Amino acid sequence: MSVSTAPTAKGLWRRGRAAVAVALLVVATAVFGALLAGGGEQGRYLDPDDASLRGSKALAQLLRDRGVRVDRVDSVETAESLAREGERLLLVGAPWNGDYSEAERLANISGDFVIVGDQPYLDVLAPSVDHDGQARLRSREPGCRLPAARAAGNAYLGGRTFEADGESCYAGSLVTAGTVTVLGSGEFMTNLRLAEDGNAALALNLLGSRKAVTWLVPPPVPASCQGQEAGASRSSCPTTCRGRCSWRSSPSRSSRSGRAGGSGPWWPSGCLSW
């Protein structure tokens with residue numbers, strides 16, 4: 001009598017459960033190692049070298065473990081230089097407050113883009129994407145056909161929501177437009193949230209699609225810029241701080257797309273430390 005060697009449904013489920021358990025253990029180990037190294041709650045938001053709860057050192061470690069090179073940069077010049085190598089993804093994570101000409105230079109870099117949160121000059125970096133509203137941060141289902149999101153499942157998203165010509169996932173807090181992906185929040189990529197739900201899977205799916213990631217972070221804040229009062233006009237900020245003020249968008253129409261509710265002109269709301 002022959003015995004079937006075909007895998008049964010129960011066997012496949014057990015293997016899948018084991019694979020998920022191993023993956024979660026790897027993520028938890030990375031997060032624990034990052035927190036052990038840094039420990040504090042304060043830190044540099046979405047910084048791949050930061051081991052605090054707000055940082056993303058655990059995610060950077062996971063990407064490197066998968067063979068993805070992660071280069072932390074804090075200038076447009078370095079990002080442009082690395083882009084010449086090809087096969088790269090540019091991540092704009094923490095609020096980046098360069099000027100308009102620098103935004104145009106970033107937009108001209110070839111390759112895939114992942115842009116996080118309420119970024120100044122979004123109409124330059126992602127001209128086919130417009131602001132649409134706000135959504136509460138919580139665990140959400142993908143609700144779309146994007147493979148990276150469907151494979152990850154539930155993830156901690158929300159924040160800004162957008163309209164775009166491509167896929168719209170997680171209630172509009174993840175949208176695609178060509179080679180650009182825009183996220184309403186990067187909380188799911190922090191050391192604090194990475195091990196929850198499908199957060200790690202989504203982050204790895206989005207950032208691990210190329211051989212290398214250029215991870216753009218804000219430049220160091222000069223000591224003279226620390227503690228500037230929120231609400232100050234840009235002209236009142238020290239000269240060396242004026243390119244690093246906090247900016248907010250107006251509710252006017254997008255200068256590129258012309259759709260209502262887009263990212264209109266930007267004005268400074270004060271000089272703030274990162």
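In this text the structure is predicted, and so the values were computed from the model without any measurement.

Draft legend 1. Representation of the sheet that holds strand 1 (residues 69-73). Taken in spatial order, the seven strands make up an open sheet running 1-9-2-3-8-7-6, and their pairing is mixed. The open sheet has two edge strands with one neighbour each: strand 1 and strand 6 (168-169). In terms of strand pairing, strand 2 (residues 88-92) meets strand 9 (residues 212-216) through five bridges, oriented parallel. Bridge pairing in strand 9 places leucine 90 opposite threonine 214.

Draft legend 2. Main features of the confidence of the model for the protein chain. In the predicted model, the protein chain carries a mean pLDDT of 77, and the fraction of residues at 70 or more is 65%. Segment residues 228-240: pLDDT under 50, and 24 contacts once partners within four positions in sequence are set aside and those in other chains are kept. Below pLDDT 50 for its whole length, residues 242-274 participates in 106 contacts with residues either more than four positions away or in separate chains.

Draft legend 3. Fine view of the packing of aromatic side chains. Within this structure, the stated rule accounts for one aromatic pair. Relative to tyrosine 121, the ring of tyrosine 100 lies with its centre 5.7 Å away and its plane at 80°, an arrangement referred to as edge-to-face. Here the residue tyrosine 100 occupies a position in helix 4 (residues 100-107), and tyrosine 121 occupies one in the loop between strand 3 (112-116) and helix 5 (122-125), the gap between them amounting to 21 residues.

Draft legend 4. Up close: the nonpolar core. Within the largest apolar cluster, 38 residues are counted, with the highest numbers of intra-cluster contacts made by Leu59, Tyr170, Phe188, Met189, Leu202, Leu207 and Trp215. When residues of this core are assigned to their parent elements, the largest contribution, six residues, is made by helix 7 (residues 199-207). Setting aside chain neighbours within four positions, we find tryptophan 215 in contact with Leu46, Pro48, Ser56, Leu59, Ala60, Leu63, Val70, Asp71, Arg72, Val73, Leu91 and Leu207.

Draft legend 5. View of the environment of valine 180. Its place among the elements puts valine 180 in strand 8 (residues 180-183). The exposure class of valine 180 is buried, given its relative accessible area of 11%. Along the chain, valine 180 and glycine 166 lie 14 residues apart, while their C-alpha atoms are 9.5 Å from each other. Look past the residues within four positions of valine 180 in its chain and what remains in contact with it is Phe113, Ile115, Leu125, Ala126 and Val175.

Draft legend 6. Quick peek at unusual backbone geometry. The backbone of glutamate 87 shows a phi angle near 50°, a positive value even though the residue is not glycine. With respect to the helices and strands, the residue glutamate 87 is situated in the loop between helix 3 (76-83) and strand 2. Glutamate 87 sits in the partly exposed class, given a relative accessible area of 46%.

Draft legend 7. Just the packing of helix 3 against helix 4, in detail. Contact geometry for helix 3 and helix 4: axes closest at 10 Å, N-to-C directions at 15°. The orientation of helix 3 with respect to helix 4, classified from their angle, is roughly parallel. Crossing handedness for the pair helix 3 and helix 4: left-handed. Along its contact with helix 3, which presents Val76, Glu77, Ala79 and Glu80, the element helix 4 presents Glu102, Arg105 and Leu106.

Rules and cut-offs
Residues numbered from 1 in each chain as written. Predicted model: local features only at pLDDT ≥ 70, side-chain atom pairs only at ≥ 80, totals over all residues. Heavy atoms only, no water. Pairing = 2+ DSSP bridges. Helix = DSSP H or I, 4+ residues; strand = E, 2+ residues; numbered from the N terminus. pLDDT = per-residue confidence, 0-100. Contact = heavy atoms within 4.5 Å. Phe/Tyr/Trp six-rings, centres within 6.5 Å; stacked < 30°, edge-to-face > 60°. Core = buried A, V, L, I, M, F, W, Y, C linked by side-chain atoms within 4.5 Å. Buried < 20%, exposed > 50% of the residue type's maximum accessible area, 1.4 Å probe, protein only. Axes fitted to C-alpha atoms, helices over the stretch in contact; angles between N-to-C directions. Parallel < 35°, antiparallel > 145°, perpendicular 65-115°, else oblique. Left-handed = near helix turned anticlockwise from the far one by under 90°.

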